[in-house]
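Here are the chains, one letter per residue:
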Amino acid sequence: MDIITQRFNDHLDTHTKMRNYIEEIRVVADICKNALDKGHKILFCGNGGSAADAQHLAAELVGRFVKERESLPAIALTTDTSILTAVANDYSYDDVFSRQVAGLGQAGDVLIGISTSGNSKNVVKATELARQKGLKTVAFTGEGGGKLGALCDAVIAVPSKTTARIQEMHIMVGHIICEIVEEDYD
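The structure displayed is predicted, hence computed values, not measured ones.

1. A few points about the packing of helix 1 (residues 3-18) against helix 8 (residues 163-182)
Right, on to step 1. At a minimum axis separation of 10 Å, helix 1 and helix 8 run at an interaxial angle of 50°. With respect to helix 8, the axis of helix 1 lies oblique. In this structure, the crossing between helix 1 and helix 8 has a hand that is right-handed. Together, Arg7, Asp10, His11, Thr14, His15 and Met18 of helix 1 and Arg165, Glu168, Met169, Met172 and Val173 of helix 8 make up the contact between the two elements.
Right, on to step 2. Of the residues in the contact of helix 1 with helix 8, the class split is four nonpolar, three polar and four charged.

2. Things to note about the side chain of His170
Right, on to step 1. Within the secondary structure, His170 is located in helix 8.
Right, on to step 2. The buried category is assigned to His170, whose relative accessible area is 1%.
Right, on to step 3. Among all residues touching His170, those that are not within four sequence positions of it are Asp53, Ile114, Thr116, Phe140, Thr141, Ile156 and Val158.

3. Details of the state of the cysteines
Right, on to step 1. On inspection of all chains with the given rule, the structure shows zero disulfides.
Right, on to step 2. Left unpaired, Cys45 is separated from the closest cysteine sulfur, that of Cys152, by 9.4 Å.
Right, on to step 3. The structure places no disulfide on Cys178, whose sulfur is separated from the nearest cysteine sulfur, that of Cys32, by 8.1 Å.

4. Describing a nonpolar patch on the surface
Right, on to step 1. A grouping of Ile3, Ile4 and Phe8 is seen on the molecular surface, where their side chains present a nonpolar patch of about 360 Å² in accessible area.
Right, on to step 2. Positionally, Ile3 belongs in helix 1.

5. Considerations on the nonpolar core
One recurring pattern in soluble globular proteins is that nonpolar side chains are buried together.
Right, on to step 1. If you look at the biggest cluster of nonpolar residues, it comprises 33 residues, and the most contacted ones within it are Phe44, Ile112, Phe140 and Ile177.
Right, on to step 2. When contributions to this core are tallied by element, the ones reaching two or more residues are helix 2 (22-37), strand 1 (42-46), helix 3 (49-62), strand 2 (74-76), strand 3 (110-114), strand 4 (136-141), strand 5 (154-157) and helix 8.
Right, on to step 3. Contacts of Ile112, omitting those with residues within four sequence positions, involve Cys32, Ile42, Leu43, Phe44, Cys45, Val138 and Phe140.
Right, on to step 4. One finds Cys45, Val101, Leu151 and Cys152 within the second-largest nonpolar core, a separate group that totals 18 residues.

6. Brief notes about the pairing of strand 5
Working note: regular strand, side chains alternate between the two faces of the sheet.
Right, on to step 1. Sheet topology note: the strand 4/strand 5 ladder contains four bridges and is parallel. Looking at strand 5, one finds that Ala139 is bridged to Val155.

7. Observations concerning the sheet that holds strand 1
Right, on to step 1. Strand order in this open sheet of five strands is 2-1-3-4-5, and the pairing throughout is parallel. For this open sheet the edge positions go to strand 2 and strand 5, each flanked by a neighbour on one side alone. Sheet twist, expressed as the mean angle between neighbouring strand axes with direction ignored, is 15°.
Right, on to step 2. Sheet contacts for helix 8: strand 3, strand 4 and strand 5; angle to strand 4, the most-contacted strand, approximately 140°.

8. So, the packing of helix 3 against helix 8
Packed helices, taken two at a time, are described by the angle their axes make and the gap between the axes.
Right, on to step 1. Contact geometry of helix 3 with helix 8 gives a least axis separation of 10 Å together with a crossing angle of 15°. One element, helix 3, and the other, helix 8, form an angle in the roughly parallel class. Remark: the crossing between helix 3 and helix 8 carries right-handed chirality. Side by side, helix 3 and helix 8 meet where Gly49, Ser50, Asp53, His56, Leu57, Glu60 and Leu61 of the first sit next to Gln167, His170, Ile171, Gly174, His175, Cys178 and Val181 of the second.
Right, on to step 2. Residue composition of the contact of helix 3 with helix 8, grouped by class: five nonpolar, seven polar and two charged.

What counts and how
Residues numbered from 1 in each chain as written. Predicted model: local features only at pLDDT ≥ 70, side-chain atom pairs only at ≥ 80, totals over all residues. Heavy atoms only, no water. Axes fitted to C-alpha atoms, helices over the stretch in contact; angles between N-to-C directions. Helix = DSSP H or I, 4+ residues; strand = E, 2+ residues; numbered from the N terminus. Parallel < 35°, antiparallel > 145°, perpendicular 65-115°, else oblique. Left-handed = near helix turned anticlockwise from the far one by under 90°. Contact = heavy atoms within 4.5 Å. Nonpolar A, V, L, I, M, F, W, Y, C, P; charged D, E, K, R; others polar. Buried < 20%, exposed > 50% of the residue type's maximum accessible area, 1.4 Å probe, protein only. Disulfide = S-S within 2.5 Å. Patch = residues over 30% accessible without salt bridge, like charges linked within 9 Å, V, L, I, M, F, W, Y side chains within 5 Å. Areas by Shrake-Rupley, 256 points an atom, 1.4 Å probe, with all protein chains shown as cover. Salt bridge = Lys/Arg side-chain N within 4 Å of Asp/Glu carboxyl O. Core = buried A, V, L, I, M, F, W, Y, C linked by side-chain atoms within 4.5 Å. Pairing = 2+ DSSP bridges.

Here is the structure:
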């Protein structure tokens, strides 16, 4: 079997297994909807491809996803290079997200930490602080959930150990959540 066919088969297998996570997806959508309904915001963080997913999903909420509607408050903690480089230089790379949660996060907000391994130190540290501050916490991870999954109010742990398959499901799940969230807005 060639690599193209194999990757499609791998994707479809992971996609099929994700049907077992419908209730978890509903829970995350409800957490986000409840926070937004009460005037709170959604914060996203992750590294590498997960940083790109954080930015992508925040943009879907601030801009629009499927329909024209009001802008929703969402922030990707991955986008301000001055903050990222200053905090990494002055403190540690492990603090680049927690420092922003300290300054921007408020009780009632939601932090969605994205980490395919579930063990990204800076995402875990941000989630620990978010919990202390009274934010709802959500993890998008791979199989098992890692340290991050154990800390969160809700977890989407994609049943795969392959980074690419996990990321593909993260963005699909993120899109579903965005569509559910925006149902209530004009």
